[in-house]
Amino acid sequence: MPPPAVPAPEDVSRAQERFPGATLEKLALGRETYLTNCSGCHHLYPARKHTPEEWAKTIPEMAKRAKLTPEQQELILTYLATMSTRPRTDPVAAGRTPG
Ligand code: HEC
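Sequence order as written defines the numbering, with residues in each chain counted from 1. Note on the predicted model: pLDDT of at least 70 is required for a residue's local features to be given, and 80 or more for side-chain atom pairs to be given and counted; whole-chain, interface and lining totals, by contrast, use all residues.

(A) Focus on helix H3 (residues 52–66). Helix length check: H3, at 15 residues, gives a terminal C-alpha distance of 20 Å against a target of 21 Å (1.5 Å per residue), a fit within 8%. Two axes enter the bend calculation: one fitted to the seven residues ending at the residue in question, the other to the seven starting there, and the bend is the angle between them. Helix and strand definitions here come from DSSP, where helices need a minimum of 4 consecutive H or I residues and strands a minimum of 2 consecutive E residues; each element is numbered from the N-terminal end. Within H3, the axis deviates most sharply at Ile59, by approximately 30°, and proline Pro60 lies no more than four positions further along. By this rule the span expected of a helix is its residue count minus one, scaled by 1.5 Å.

Structure, rendered in structure tokens:
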């Protein structure tokens, strides 16, 4: 299982579509908060495993188990919902010459 993806500047505008206050700092903090609080009982699920809608349902449930503050819950949701919709870089397409 690769470590959870590190948010990049190009993720920020996608994050802001759902979370208007999102910044790169908040995404990075969401990742840290996810690593710290969500790995105690099971492995860290990849963001892509669930849709943003599914994360919005699951995270409040898991927040109770992980005893998160509302702020931590929001950071983790912002991170996971955003990274779940990150476009895949297609290695085949990337290697192709145009035309
Ligand atoms: C105290 C233990 C505990 C902590 C902490 C915890 N979880 Fe869970 N989690 C569980 C258990 C147990 C299940 C499976 C049973 C269930 O769904 O109720 C589960 C299931 C899940 C699932 C569904 C399983 C799947 O295949 O996708 C997701 C997603 C998830 N957790 C995410 C999180 C996130 C995000 C956090 C951090 C906010 C977190 N968990 C923290 C105990 C925990």
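(B) Seen up close, the site of the ligand. In this analysis, residues qualify as near a molecule or strand once their C-beta atom, positioned from backbone atoms, comes within 6 Å of it. Near the ligand there are 16 residues, and of these Cys38, Cys41, Met62, Arg65 and Ala66 occur at the shortest range. With six residues, the single largest contributor to the shell around the ligand is H3. Residues are grouped as follows: Ala, Val, Leu, Ile, Met, Phe, Trp, Tyr, Cys and Pro are nonpolar; Asp, Glu, Lys and Arg are charged; all remaining types, including Gly, are polar. Grouping the constituent residues of the shell around the ligand by class yields nine nonpolar, five polar and two charged.

(C) Summary view of the nonpolar core. If you look at the biggest cluster of nonpolar residues, it comprises 16 residues, and the most contacted ones within it are Tyr34, Trp55, Ile76, Leu77, Tyr79 and Leu80. Listed by contribution, the elements that provide at least two residues to this core are helix H2 (24–37), H3 and helix H4 (70–84). Broken down by element, this core gets its largest block of residues, seven residues, from H4. Not counting chain neighbours up to four residues away, the residues in contact with Ile76 comprise Gly30, Thr33, Tyr34 and Ile59. As used here, a nonpolar core is made of buried Ala, Val, Leu, Ile, Met, Phe, Trp, Tyr and Cys residues. They are joined through C-beta atoms within 7 Å. Counting other C-beta atoms within 10 Å of a residue's C-beta gives its exposure: the residue is buried at 20 or more, exposed at 12 or fewer, and partly exposed in between, where C-beta atoms are placed from the backbone. Distance between backbone-placed C-beta atoms decides contact: two residues are in contact if it is within 7 Å.

(D) The environment of Thr23, seen in detail. Residue placement: Thr23 occurs in the loop between helix H1 (9–18) and H2. Separated by 11 residues in sequence, Thr23 and Val12 have C-alpha atoms that sit 6.0 Å apart.

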